[in-house]
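Tertiary structure, described
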Amino acid sequence: MAPTGKAGRYRGSVKEFPNFNASQDAEALYNAMKGFGSDKEAILDLITSRNNKQRIEISQAYKSLYGKDLIADLKRELTGKFERLIVGLMRPLAYFDAKEIKDALQGIGTDEKCLIEILASRTNQQIHNLVEAYRDAYERELEADVLGDTSGHFKKMLVVLLQGTREEDDVVSEDLVEQDAKDLLEAGDLKWGTDEAQFIYILGNRSKQHLRLVFDEYLKISGKPIEDSIRGELSGDIEKLMLAVVKCIRSTPEYFAERLYKAMKGLGTKDNTLIRVMVSRSEIDMLDIREVFRTKYEKSLHSMIKDDTSGEYKKALLKLCGGDDDAAGEFFPEAAQVAYRMWELSAVAKVELRGTVCPAADFNADGDVKVLRKAMKGLGTDEGAIIDVVTRRSNAQRQEILRAYKSHFGRDLMADLKSELSGSLAKLILGLMMTPAQFDAKQLKKAMEGAGTDENILIEILATRNNREIQAINEAYRAAYHKSLEDALSSDTSGHFKRILVSLALGNRDEGGEDLTRAHEDAKVVAESLKLSDVSSGDSTSLETHFLSILCTRSYPHLRRVFQEFIKMTNHDVAHTIRKHMSGDVRDAFVAIVRSVKDKPAFFADKLYDSMKGIGTDERTLTRIMVSRSEIDLLNIRRVFKEMHEKSLHHMIEVRSGQELPCHIPTGRCPYH
């Protein structure tokens, strides 16, 4: 039976071919492979336009007509990624999964990501079919092979999933939901150590509907999503597996959209993942995956495949994708629901912000200044000693060190550091020695001085600081440069961009909660404003003024509700719509505000990644963010960075910045949090 969505609609991208004739197709494939060379275009066009059941019939007809194995002939005629894709399509799904798992287990090392993807996402029936297919194809038991190739809690959870016994009853007990949420909390955050068995039992056996309610209840009683607890309590392969299970419980299409995006972003393409997902989901939920993909990544799956692959391989993948969603310009209903839920999670979660630098225990300013003075006396400079002191003291302790240095030696520590250090290291150390407000004020000043203005720095700082931080920056700016920040911004920028920056620089954002009635009205204003063809043209209207006021002065909780109401009202995501209808600095400023409201650590994680990807490193951005966030939310940024980019922030800094200071700023958890 063909898989269908909630409303009974078929959600695959590959449909049954009308007027199908297995013998005619077998003959067409035989002719395409006959003689010198092969007609790859004919092969891919035929195979990608038949569903799996029809392809199996073609294989049987080919055997009957020519006494040959079609898969063997395809393997002989085709090569590389294209061959793997076409041959994968010719196998029944259970046998395709079995082959993927066999390949993941054999040889040196195990492809844990493949095991996780398949076993975390398949239904009970698909698991049962997989186990049978594995036994039939390899005359071995899948469970025994998994047991022999994995270990620890990761092995235990895989074995639980291999049973295919997840409850399927949609009737949910409220009492059991509350109990399971409480048990998970007690097994993790409230326990010294972690009771992995409790996580394995509940996440491996309860029904999807039940677990979704458990996750909601967990958020209520703990103040954070279950994913945050898993990241904090588990590590390694068991952490990745549990997170995959949670993602699939919440939304299997969203999980696969993320897998596809990560397979294609950055340098190189993870073709095994791309092939596996496109083959296995093409007759299940590819349309849903496409919808979520465009919602989350603001580009269509079709366009990303088109940009990232080539040749017949690309053509075959695009046929499996089934269409380009970029032309539509708005959410599908299911994708709008996903976007709405993402804002809901952002609104409800009480995220504890954590820095990585905290006050040093047994702090002694007098002792530290002696270490620093010794490090700078005589020939050469002991940079290691300077780094060790400065990066392991809180900002308040560094200010004490500055005063103690002056008292002890009658010298200005900042001036001495400036004369002894150079390059990026000097900028980092001097930045850490300033107060946060002084550092931000200096960054803003540098962004506006000289030829041209660095609008990105102005946006980054003013769109992400809270009222107290903004007010401190204003005081520091006036003290250092004898001019108000507002006057500096007014003289260096213009039009709507100037109005946005000046509004943010006042530090007058509301600090209350949400007002649902007002949020609905505000969402209407945002919707009406974004219908304008060019709101950054300089034409001032009351509508545009109101729109600017909403984004620059409403509280974060209220704006989260506004953006949810906007989705409900228009079927559009506000950030995507701003990008579409606005341009230049105005667009960038408003998008930064929206992203800061939704997930500030994710905003900074992206900025850090962009500063280090590709050729060369944007040391200025890297320094600015590492210094300014080290005592606020760098631990949160680090976690988001790893989740988004599948590599640690520490590793990327170490690789890209050599022995400069960023890799010496602590990026782990502050021991006193």
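Look up a bit, the structure's there.
In short, a report on the structure.

The rules we used
- Residues numbered from 1 in each chain as written.
- Predicted model: local features only at pLDDT ≥ 70, side-chain atom pairs only at ≥ 80, totals over all residues.
- Heavy atoms only, no water.
- Helix = DSSP H or I, 4+ residues; strand = E, 2+ residues; numbered from the N terminus.
- Rg over C-alpha atoms; globule rule 2.2 N^0.38 Å.
- Contact = heavy atoms within 4.5 Å.
- Areas by Shrake-Rupley, 256 points an atom, 1.4 Å probe, with all protein chains shown as cover.
- Lys, Arg positive; Asp, Glu negative; His and termini not counted.
- Charge placed at Lys NZ, Arg CZ, Asp CG, Glu CD.
- Expected span 1.5 Å × (residues − 1).
- Buried < 20%, exposed > 50% of the residue type's maximum accessible area, 1.4 Å probe, protein only.
- Polar contact = N/O pair within 3.5 Å; in protein donor to acceptor, adjacent residues only side chain to side chain.
- Phe/Tyr/Trp six-rings, centres within 6.5 Å; stacked < 30°, edge-to-face > 60°.
- Core = buried A, V, L, I, M, F, W, Y, C linked by side-chain atoms within 4.5 Å.
- Salt bridge = Lys/Arg side-chain N within 4 Å of Asp/Glu carboxyl O.
- Axes fitted to C-alpha atoms, helices over the stretch in contact; angles between N-to-C directions.
- Parallel < 35°, antiparallel > 145°, perpendicular 65-115°, else oblique.
- Left-handed = near helix turned anticlockwise from the far one by under 90°.
- Nonpolar A, V, L, I, M, F, W, Y, C, P; charged D, E, K, R; others polar.
- Patch = residues over 30% accessible without salt bridge, like charges linked within 9 Å, V, L, I, M, F, W, Y side chains within 5 Å.

Now for the overall build of the protein. Scanning the protein for helices and strands turns up 39 helices and zero strands. Relative to its length of 673 residues, the protein is compact, with a C-alpha radius of gyration of 29 Å against a globular reference of 26 Å. For the C-alpha atoms alone, the extent of the protein along its principal axes is close to 95 × 65 × 60 Å. Taking as baseline every contact in the protein between residues at least 6 positions apart, the subset at least 24 positions apart corresponds to 74%. Carbon together with sulfur atoms contributes 49% to the accessible area of the protein, which is approximately 30,100 Å² in total. The distance from the centre of the 99 positive side-chain charges to the centre of the 107 negative ones in the protein is 3 Å.

Across its 15 residues, helix 29 (residues 467-481) extends 21 Å between first and last C-alpha, which sits within 8% of the 21 Å expected from 1.5 Å per residue. Those residues of helix 29 that fall on the buried side of the exposure criterion are Asn467, Glu469, Ile470, Ile473, Ala476 and Tyr477. Its buried side turned inward, helix 29 meets helix 27 (436-448), helix 28 (455-464), helix 30 (485-492) and helix 31 (495-505). Between the side-chain oxygen at the start of helix 29 and the backbone nitrogen of arginine 468 there is a gap of 3.2 Å, and the oxygen is on asparagine 466. Positive phi appears at histidine 482, one or two residues downstream of helix 29, with a value of about 55°.

We now examine the environment of glycine 152. Position of glycine 152 relative to the elements: it lies in helix 10 (residues 152-162). Residue glycine 152 is classed as partly exposed on the basis of its relative accessible area, which comes to 40%. Note: C-alpha distance between glycine 152 and arginine 276 (124 residues apart in sequence) is 27 Å.

Looking now at the packing of aromatic side chains. Within this structure, the stated rule accounts for 13 aromatic pairs. Seen in terms of ring centroids, phenylalanine 547 and phenylalanine 590 are 4.9 Å apart; in terms of plane orientation they differ by 75°. Their pairing is edge-to-face. Of this pair, phenylalanine 547 sits in helix 33 (residues 542-553) while phenylalanine 590 sits in helix 36 (residues 584-612), and the two are 43 residues apart along the sequence. Comparing phenylalanine 547 with phenylalanine 590 shows no difference in burial state: the two are buried. Cluster of aromatic residues (ring-pair linked, three or more members): Tyr30, Tyr62 and Tyr66.

With that out of the way, let us pick up the nonpolar core. With 96 residues, the main nonpolar core has Leu74, Leu203 and Met278 as its most contacted residues. By residue number, the principal contributor to this core is helix 15 (residues 236-250), which donates nine residues. Not counting the four nearest positions on each side in its chain, leucine 203 is found in contact with Met157, Arg166, Leu211, Phe215, Ile230, Met242, Val245 and Val246. Core analysis: the second largest hydrophobic core is formed by 69 residues, Leu485, Ala519, Val586 and Val591 among them.

What follows concerns the pattern of salt bridges. Per the stated rule, a full pass over the model turns up 48 salt bridges. For arginine 140, the salt bridge is made with aspartate 145, and the minimal N-O distance between the two is 2.7 Å. According to the relative accessible area criterion, arginine 140 is partly exposed, its value standing at 41%. A salt bridge links arginine 620 to aspartate 454; the shortest N-O distance between them is 3.9 Å. Residue arginine 620 is located in helix 37 (residues 619-629), and its partner aspartate 454 is located in the loop between helix 27 and helix 28; the two are separated by 166 residues in the primary sequence.

Now for the environment of serine 503. Along the chain, serine 503 falls in helix 31. Assessed through its relative accessible area of 14%, serine 503 is described here as buried. Residues serine 503 and glutamate 654, 151 residues apart in the sequence, show an inter-C-alpha distance of 38 Å. When neighbours within four sequence positions are excluded, serine 503 is seen to be in contact with Leu548, Cys552 and Thr553.

At asparagine 19, a residue that is not glycine, the phi angle is positive and equals roughly 50°. Inspection of the secondary structure puts asparagine 19 in the segment before helix 1 (22-33). On the accessibility criterion, asparagine 19 (79% relative accessible area) is exposed.

The geometry of helix 32 (residues 516-529) relative to helix 34 (residues 556-570) is characterised by a closest axis approach of 8 Å and an angle of 60° between their N-to-C directions. On the basis of their axis angle, the class for helix 32 and helix 34 is oblique. Here helix 32 runs over helix 34; the crossing is right-handed. For the pair helix 32 and helix 34, contact is made by Leu516, Arg518, Ala519, His520, Asp522, Ala523, Lys524, Val526 and Ala527 and by His558, Arg561, Val562, Glu565, Phe566, Met569 and Thr570, respectively. By residue class, the composition of the contact of helix 32 with helix 34 is eight nonpolar, three polar and five charged.

Attention shifts here to a positive patch on the surface. Together, Lys418, Lys427, Lys442 and Lys446 make up a positively charged patch on the protein surface. Structurally, lysine 442 is set in helix 27. A relative accessible area of 31% means that lysine 442 is categorised as partly exposed.

Among the 11 residues of helix 26 (residues 423-433), nine are classified as buried, and the element is accordingly described as predominantly covered. Buried-residue contacts for helix 26 involve helix 23 (383-390), helix 24 (395-409), helix 25 (413-420), helix 27 and helix 37.

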